[in-house]
Amino acid sequence: MGTNKYDSIVVGGGIAGLTSAVYLARAGQNVLLVEKNKECGGLVNTFYRDGFCFEAGVRALENAGIIFPMLEDLGIKMEVVKSKVSLGVADEIIHVENIDSLEEYKQLLVKLYPESKTDIEKVLRVIRKIMKHMEVLYDIENPAFKNLKRDKQYIFKKLLPWMPKFIFTVGKINRMNMPVEEYLNGIVKDASLRDIISQHFFKHTPSFFALSYFSLYLDYFYPKGGVGTLAKLLQEKTLELGGEIKTETVVVKVEAKNNVVTDHNNIEYKYDNLVWAADLKTLYKSASTENLPSKIISEFKKKKLDILKSRGTDSVFSLYLQVDEPPGSFGKIAHGHFFYTPSKKGLGQTHRKELDDLLNNWSKIEKKKIMEWLDKFTEFNTYEISIPALKDPTLAPKGKSGVIISLLAEYDLFEKLVEVGWYKEFKIELETRMVEVITNSIFPFLREKIIKQFSFNPLSIKDRIGSSEGAIVGWSFEKPIPVVHKMQYSDKSTLTPIPNIYQAGQWAFSPAGVPMCILTGKLAADKILKKKMY
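Residues numbered from 1 in each chain as written. Predicted model: local features only at pLDDT ≥ 70, side-chain atom pairs only at ≥ 80, totals over all residues. Heavy atoms only, no water.

A. Quick peek at the nonpolar core. With 50 residues, the main nonpolar core has Leu-87, Tyr-105, Ile-197, Leu-211, Tyr-213 and Phe-214 as its most contacted residues. For this core, the leading source of residues is helix H4 (residues 117–137), giving 10 residues. Among residues more than four places away in sequence, those in contact with Leu-87 are Glu-92, Ile-93, Ile-94, Val-96, Tyr-105, Leu-108, Phe-214, Tyr-217, Phe-338 and Phe-339. (Core = buried A, V, L, I, M, F, W, Y, C linked by side-chain atoms within 4.5 Å. Buried < 20%, exposed > 50% of the residue type's maximum accessible area, 1.4 Å probe, protein only. Helix = DSSP H or I, 4+ residues; strand = E, 2+ residues; numbered from the N terminus. Contact = heavy atoms within 4.5 Å.)

Put into C-alpha cells, the structure is as follows:
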C-alpha cells in the first residue's frame, strides 16, 4: 500500500488545528486533519447526556477581536447570545452587566471586608487601568484575519492609528508580568481578601491577565447549541473547502527527514508541511530527527529538554448534574455563568503549601488526612458554575436543567490516588462534598432535585484530549515557560527547530485561551502559505 501524500497535515483537531486546516483548505491545499478522538473540538466541545447539554471544556467564549473576525472572513454564520456573568461570595451576589458593575464589585468586597476598604480601592484602580489596556488590545479586528492587500480602509483608518497605542499597552502588560499572588501581596494586607480576588486563577497567573477578568466577563458570548458549535462549524467548513478529516487516529511517529507521519495502525502519510496542534510533549517524544543537518538536530534536542522538563498548568474537576428543576429557579439567583465562593475565608495555603506537603510526603499520609484536606478544599474554594439552558433554553429537557460545577484541581493528586487505590472513593467524596457545599449555600433547592450525576477530572481530561498533566490552558506559570509568552512576539510562536514543522494551540503560546489558540492556528497556516509563494 502506498504512502498517502498531502500538501499539509494538521495533527490535533482542537480549535487551533481546525483553524489551520480550514485556512489551508481555503487556499487550495490538499490538507489532512488527524484527530485522536471520535469528534473534533478538544476543549471546545459540547455533548449530550439523556437530553441534557453540557460543555466538556470551556463554558463560554470571548471574542478578543479574533473569533468574530475569523467567522466573517470564512463566511461562517453562528448565532450567539451574551454569556452574562455573576460573581458571588457567601450571601453577596452581583451581576456583571457593564463597566458600572465594577463599582458593585467594590461594594461587595467592602461589605465583606470593611477594614480593607483602602486596599480594595487600590485593587479596583488597577483593574480599571487594565480594562483600559484591554480596550486597546481588543479595539480592532485582529489583522491576521483581514485581507491587508485589499482592505486599505482598515489599514489607514484602524490599524495604523492603533499600532502606537498597542505598542504602549504591551509595555504596560510586560511590567505586570509578576504572579498575581505576589502582586496582590504588595497592595492587599488581608490574606482572605487576596484569596477571594485571586484563588480562581491558575497558580502564578501573570497579574495583567488575572486582573483583566472583568473585561473578559463583559466580552463573553455563547453560541446557540453550545460552545462546541464553533468547532462543528469550522469542521464543516474545512470539509466544504475540500479538506480531509480523519478521526479516531493517533499519530505515533514523525520522521522529520522524510516528511512522514505514522499512525497507530502503521499507516504512513507524507507531507510538505506539518502543523502540530496537539500536545507538544508528544511531538518531541515521537519525532525522529535522524539524518537532518546537525544544527537542526542540536536545536531540536535543546528545545526537547526544555519542553519535557516543563509541565502543564492546573487542571480542573467538573461535576455534571442532571437536575429536575427549571432554569428559571437558578436564574432568579445568578446568570448562567457564575463564579461563586461560599465562604469569605478563602483557601489560604490549602491548594498550595498544604497540598504540596501531602504530595511530597505521600507514603506517610493516612486517608483520614486526605479527607480532612478535602473538607477545607471544598468549603473555601471558588466554583465556576455553568447552566447552559439559562443561555439557550433548548439545551435541557423542558422544566429541567443541566448544571456544571467546576474547580481547579491538581493532576498529581489524582495520579497518586490511582496508585494507592483511593481514586474512586476520593472522586465520590469530592462529588458529595461539592454538592453539600453548594446546597448548603447558594442553591439549597438543588439537594432533592438531582436526577443523575457524573464528573470529569484531570486524568479523564488527559485521556480524552491527550493533554500533558490534564492542563487546560497550556504551560504552568510556576516554572520557566518553554514557548513564546510575550504578545509582541506572538508571530514567532508557531516556529519549531524543524523548518517545515509548525506548532499551534494552547502549547504554542502562553497564556493560552481559545482566541490565542485560534490565532496560532491561523499564523501557522499563514507561515505555510507564505512559504509556498516563494
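B. The sheet that holds strand E9 (residues 220–223), seen in detail. Overall, antiparallel pairing links the three strands, which are arranged E5-E9-E6 in an open sheet. The open sheet terminates on both sides in strands that have one partner only, identified here as strand E5 (61–62) and strand E6 (80–82). Bridge count for E6 against E9 is three bridges, and the pairing is antiparallel. Note that in E9 the partner of Val-80 across the bridge is Pro-223. (Pairing = 2+ DSSP bridges.)

C. Examining the side chain of Gln-506 more closely. Positionally, Gln-506 belongs in the loop between strand E20 (501–503) and helix H20 (514–533). Among the polar contacts made by the side chain of Gln-506, one reaches the side chain of Ser-467 at a distance of 3.3 Å. Of the polar contacts made by the side chain of Gln-506, one reaches the backbone nitrogen of Val-473; its length is 3.3 Å. Those residues in contact with Gln-506, other than ones at most four positions away along the chain, are Leu-43, Ser-467, Ala-471, Ile-472, Val-473, Gly-474, Ala-512 and Cys-517. (Polar contact = N/O pair within 3.5 Å; in protein donor to acceptor, adjacent residues only side chain to side chain.)

D. How the structure looks around unusual backbone geometry. Cis geometry marks the peptide bond from Ser-510 to Pro-511; its omega dihedral reads -5 degrees. Looking at where Pro-511 falls in the secondary structure, it is placed in the loop between E20 and H20. In this structure, Glu-248 is a non-glycine residue whose phi angle is positive, near 50 degrees. Within the secondary structure, Glu-248 sits in the loop between strand E10 (244–246) and strand E11 (251–255). In this structure, Glu-469 is a non-glycine residue whose phi angle is positive, near 60 degrees. Looking at where Glu-469 falls in the secondary structure, it is placed in the loop between helix H19 (458–465) and E20. On the accessibility criterion, Glu-469 (14% relative accessible area) is buried.

E. Structural context of helix H12 (residues 294–309). Counted at 1.5 Å a residue, the expected span for H12 with its 16 residues is 22 Å, and the 23 Å between its end C-alpha atoms agrees. Restricting attention to buried positions, one finds in H12 the residues Ile-296, Ile-297, Phe-300 and Ile-307. Taken down its axis, H12 places every buried residue within 95 degrees of arc, on the same side. For H12, exposure combined with an orientation more than 90 degrees from the buried face picks out Ser-294, Lys-295, Lys-301, Lys-302, Leu-305 and Lys-309. Next to the buried residues of H12 lie helix H11 (280–286) and strand E14 (287–288). (Expected span 1.5 Å × (residues − 1). Arc of directions from axis to C-beta.)

F. Looking closely at the pattern of salt bridges. One pass over the structure, following the stated rule, counts 29 salt bridges. Ionic pairing is found between Lys-452 and Asp-50, a salt bridge with its closest N-O pair at 3.1 Å. On the criterion of sequence distance, the pair formed by Lys-452 in strand E19 (residues 450–456) and Asp-50 in the loop between strand E3 (46–49) and strand E4 (52–55) is long-range, its members being 402 residues apart. Taking the shortest distance from any N to any O, the salt bridge between Arg-433 and Glu-429 comes out at 2.3 Å. (Salt bridge = Lys/Arg side-chain N within 4 Å of Asp/Glu carboxyl O.)

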